[in-house]
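Structural description and commentary
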Amino acid sequence: MWRGLIEEYRPFLPVEHATPVITMLEGGTPLLPSRLGTPYGIRIGVKYDAANPTGSFKDRGMTVAVSKALEAKASGIICASTGNTAASAAAYAARAGFRCVVLLPARGVATSKLVQSLASGALIIPIRAPFDRVLRLARQAATRFGLTLVNSVNPHRLAGQKTVAFEICDVLGRAPEALAVPVGNAGNITACWLGFKDYRSAGRIDRLPRMIGVQAAGAAPLVRGRPVSQPRTVASAIRIGRPATWEGAVQAIAESGGQFVAVSDDEILQAQVALAGEGLFVEPASAASVAGTFKLAREGAAPSEVICILTGHGLKDPEVVLARATAPRSIPPTLDALASRLSGTPSRR
Ligand code: AN7
């Protein structure tokens, strides 16, 4: 039985025997084959990290960061967030009995993420500024008010997030040829790369994957090579113009012989639909990893096997789907009415 990622990967993590483990048995998420690469003659597998307890990959880093904060006898935690870090921090803080302060950009956080943080009892403070400014405030506030910062600039977050690389290698028995990751603040791509390198040092794998970092075109500082002052994209989770772990991301791409890719909002939403066609409902930021892989495949530049990390659940951001859907109209409870409605819709196969 899966024991949560701290117990599963203890020798690779900064935990001691005495570290109190705050866990919701995160990790151990499905690695699934898909038909997504078939039209391009490549294999696309997906790591469905939306299956974590709060619906995003953030739980991997949070179990370690919150456990270490408890070990250090912190009085509470604080984060800046585009939503998922907040939802995860709020949940793990509740479990640890911590106060949790969440600073959010006042505009553009998806409703469900706000709802999750509220439900877990976090103190939510919307800040009238974009994410990068909010993160700066959170860093200052952590020092001033004696709170532990649980953004990915906290090394324990990165340590926990490495485990996604371990899990992929454990299932495949090797590293994939390439790994595609959506990139916002750049903690995750940095952590994934460290994870693969740890596994190689430990002799668990003998070669490393190429890393593909995917950003939304309107929020693509790493693709452009300079910060973006007013990032714009439908993928609110990665609407970040000045990634905090810039160097780590650049290093992952350079060392692995990989690349950064920018995808348009349309490409992101098309990938979201394609994933839904595989039964996988993800939020737009998540679909970016697949959109970037599709883009490379169209250019004939995709590796023959890509594992895409699906970082967050589709239920996180219902507005994006509703904005594009036509609301179904109701019918009377008769077979005739049902028959006429069914005749107007195409069958799937
Ligand atoms: C679904 O919650 O930055 O490159 O504050 O929620 O490690 O930042 C979220 C980021 C990808 C990007 N996919 O990861 C936050 C936050 C989803 C995300 C990313 C995020 P990083």
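Below, the structure is looked at part by part. In every chain, residue numbers begin from 1 and rise along the written sequence. It should be noted that, the model being predicted, local features are given only for residues of pLDDT at least 70 and side-chain atom pairs only at 80 or more, the latter also being counted only at that level, while totals for whole chains, interfaces and linings use all residues. Side-chain numbers come from the whole structure's heavy atoms, not from hydrogens or water.

Under the scheme applied here, a residue whose accessible area is under 20% of the maximum for its type counts as buried, over 50% as exposed, and between as partly exposed, the area being computed with a 1.4 Å probe on protein chains only. Elements are defined by DSSP. Helices are runs of H or I of four residues or more, strands are runs of E of two residues or more, and each kind is numbered from the N terminus. Counting buried residues along strand β3 (residues 76-80), five of its five residues qualify, which places the element largely inside the surrounding structure. Alternating positions in β3 separate into two faces, Gly76, Ile78 and Ala80 on one and Ile77 and Cys79 on the other, with burial throughout. Note: β3 against strand β4 (residues 99-105), five bridges, orientation parallel. Counterpart to Gly76 in the pairing with β4 is Arg99. Handedness of a crossover is defined as follows: orient the strands so they point away from the viewer, and if the path from the first strand over the helix to the second runs clockwise, the crossover is right-handed. Taken together, β3, helix α3 (residues 84-96) and β4 form a β-α-β motif whose crossover is right-handed. Any two strands are treated as partners once DSSP identifies two or more bridges connecting them. Across two bridges, β3 lies against strand β6 (residues 148-149) in parallel orientation. Bridge assignment links Ile78 to a residue of β6, and that residue is Leu149.

The next point concerns the packing of aromatic side chains. Two rings belonging to Phe, Tyr or Trp (six-membered ring only in the last case) form a pair when the distance between their centres is within 6.5 Å. Interplanar angles under 30 degrees mark stacking, angles over 60 mark edge-to-face geometry, and anything in between is tilted. Enumeration over the complete set of coordinates arrives at six aromatic pairs. Ring centres 4.8 Å apart and planes at 50° place the aromatic pair Phe12 and Phe166 in the tilted group. Placement of the pair is Phe12 in the loop between α1 (5-8) and β1 (31-33) and Phe166 in helix α7 (residues 163-172), with a sequence separation of 154 residues. An aromatic cluster of at least three residues, connected via ring pairs, comprises Trp2, Tyr9, Phe12, Phe166 and Tyr199.

This next bit is on helix α8 (residues 187-201). To estimate how far a helix should reach, multiply one less than its number of residues by 1.5 Å. Here α8 contains 15 residues, and its C-alpha end-to-end distance of 21 Å stays within 8% of the 21 Å for a straight helix at 1.5 Å per residue. The set of residues buried in α8 consists of Gly187, Asn188, Ile189, Thr190, Ala191, Cys192, Trp193, Gly195, Phe196 and Tyr199. In this structure, the buried residues of α8 make contact with α6 (155-161), α7, β7 (178-182), β8 (210-216), α10 (246-256) and β10 (305-310). Within two residues after α8, Gly203 carries a phi angle of roughly 75°, on the positive side. In this analysis, two residues are considered to be in contact whenever any of their non-hydrogen atoms come within 4.5 Å of each other.

Turning next to the packing of α7 against α8. In this description, a line fitted to the C-alpha atoms serves as the axis of each element, helices being fitted only across the stretch in contact, and the angle between N-to-C directions of two axes falls anywhere from 0 to 180 degrees. Put simply, α7 and α8 touch, their axes get as near as 7 Å, and they point 50° apart. Between α7 and α8, the interaxial angle falls into the category oblique. Between α7 and α8 lies a crossing of right-handed hand. Where α7 abuts α8, its residues Val164, Ala165, Phe166, Cys169 and Asp170 lie against Cys192, Gly195, Phe196, Asp198 and Tyr199. Across the contact of α7 with α8, the residue classes break down as seven nonpolar, one polar and two charged. Throughout, the term roughly parallel applies to angles under 35 degrees, roughly antiparallel to angles over 145, roughly perpendicular to angles from 65 to 115, and oblique to all others. Each helix crossing is assigned a hand: it is left-handed if the near helix lies turned anticlockwise from the far helix by less than a right angle, otherwise right-handed if that turn is clockwise. Ten residue types, Ala, Val, Leu, Ile, Met, Phe, Trp, Tyr, Cys and Pro, are classed as nonpolar, four, Asp, Glu, Lys and Arg, as charged, and the remainder, Gly among them, as polar.

Closest axis-to-axis distance for the α8/α10 pair is 8 Å, and the angle between their directions is 45°. As judged from the angle between their axes, α8 and α10 are oblique. Relative to α10, the crossing made by α8 is left-handed. Contact residues: α8 offers Ile189, Thr190, Trp193 and Lys197, while α10 offers Gly248, Ala249, Gln251, Ala252, Ile253, Glu255 and Ser256. Here the contact of α8 with α10 is composed, by residue class, of five nonpolar, four polar and two charged.

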